[in-house]
Amino acid sequence: RLHSGPHSKLLLYMAGHGGDGFFKFRDQQELTSAELSVSLSQMALQQRYGELLLLLDTCQAATLTDSFSATVRNVVSLAASARGENSYSRDTDSGL
């Protein structure tokens, strides 16, 4: 159990396979953007955090926040890719 409270600053890092509005756990179970929104809303209502930084490192990562409602409070998200973009870790760009 996460022992946090209303003054806690949390970092949630999610890396793996993703797609349009979902994140996959070990290629078996999916977490949708709506389910993530409900979970974070419940955490906010239960005062499980004061501020939360959500780092999303998947293909189409930004779509995981599409369903966030007004009850997802004090969350800043940073996504590795936008809708329709891949986020490969095996390729490099020598021009960068």
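The rules behind each value
- By convention here, each chain's residues receive numbers from 1 onward along its written sequence.
- With pLDDT at 70 or above as the cut-off, local features in this predicted model cover only qualifying residues; side-chain atom pairs require 80 or more to be listed or tallied, and sums for whole chains, interfaces and linings still use all residues.
- Only hydrogens and water are set aside; all other atoms, that is, all heavy atoms of the structure, feed into the side-chain values.
- Strands were regarded as paired on the criterion that DSSP finds at least two bridges between them.
- A run of H or I in DSSP counts as a helix once it spans at least four residues, and a run of E counts as a strand once it spans at least two, with each numbered from the N terminus.
- Salt bridge, as used here, is a side-chain nitrogen of Lys or Arg placed within 4 Å of a carboxyl oxygen of Asp or Glu.
- Residue burial is assigned from relative accessible area. The probe radius is 1.4 Å, only protein chains are included, and a residue is buried under 20% of its type maximum, exposed over 50%, and partly exposed in between.
- The predictor rates its confidence in each residue with pLDDT, a number between 0 and 100.
- By nonpolar core is meant a set of buried Ala, Val, Leu, Ile, Met, Phe, Trp, Tyr and Cys residues that side-chain atoms within 4.5 Å join together.
- Throughout, a contact is declared for two residues whenever any of their heavy atoms are within 4.5 Å.
- Think of a patch as exposed residues, more than 30% relative accessible area, with no salt bridge, where like charges cluster within 9 Å and nonpolar side chains (Val, Leu, Ile, Met, Phe, Trp, Tyr) cluster within 5 Å.
- To be clear on the numbers: accessible area is Shrake-Rupley with a 1.4 Å probe, and residue cover counts the displayed protein chains and nothing else.
- Axis lines are fitted through C-alpha atoms, for helices just across the contact stretch, and the angle between N-to-C directions can take any value from 0 to 180 degrees.

Two elements, strand β2 (residues 17-19) and strand β3 (residues 22-25), share 3 bridges in a ladder whose sense is antiparallel. The residue of β3 that forms the bridge with histidine 17 is lysine 24. The turn joining β2 and β3, which pair antiparallel and follow one another in sequence, is formed by 2 residues; a positive phi near 85° is taken by glycine 21. Alignment of β3 against strand β4 (residues 29-32), held across 4 bridges, turns out to be antiparallel. Note on β4: the bridge partner recorded for phenylalanine 25 is glutamine 29. What sits between the antiparallel neighbours β3 and β4 is a turn of 3 residues, in which arginine 26 has the positive phi angle 50°.

With that settled, consider the pattern of salt bridges. In total, this model carries 2 salt bridges according to the counting rule given. A salt bridge links aspartate 20 to arginine 83, with the shortest nitrogen-to-oxygen separation between them at 2.4 Å. A residue pair is termed long-range when its members are at least 10 positions apart, and aspartate 20 in the loop between β2 and β3 and arginine 83 in the segment after β6 (75-79) qualify at 63 residues. Looking at arginine 83, the relative accessible area reads 49%, which means it is partly exposed. In this structure, aspartate 66 and arginine 83 form a salt bridge, with 2.3 Å as the shortest nitrogen-oxygen distance. One end of the pair, aspartate 66, is in the loop between β5 (51-57) and β6; the other, arginine 83, is in the segment after β6, with 17 residues separating them in the sequence. When salt bridges with common partners are traced through the structure, they connect Asp20, Asp66 and Arg83 into a single cluster.

The subject of this paragraph is the confidence of the model for the protein. Chain-level statistics for the protein give a pLDDT mean of 91 and a share of 97% at 70 or above. The least confident element of the protein is β3, whose mean pLDDT is 92; the most confident is β5, at 97.

This brings us to the nonpolar core. Nonpolar side chains tend toward joint burial in soluble globular proteins. Counting 14 residues, the largest nonpolar core has Met14, Leu36, Leu40, Leu52, Leu54 and Leu56 as its most contacted members. Leave out the neighbours within four places in its chain, and methionine 14 touches Phe23, Leu31, Leu36, Leu54, Leu55, Leu56, Asp57 and Thr58.

What follows deals with a nonpolar patch on the surface. Together, Leu11, Tyr13, Leu53 and Val76 make up a nonpolar patch on the protein surface, roughly 410 Å² of accessible area in all. Tracing the sequence through the fold places valine 76 in strand β6.

This brings us to the sheet that holds β6. Strand order in the open sheet formed by 3 strands is β1-β5-β6, and the pairing between neighbours is parallel. What marks the edges here is a single partner per strand, and that holds for β1 (9-15) and β6. The average angle at which neighbouring strand axes cross in this sheet is 15°, direction not considered. Where β1 meets β5, 7 bridges bridge the pair, whose relative direction is parallel. Following the sheet pairing, leucine 10 is matched in β5 by leucine 52.

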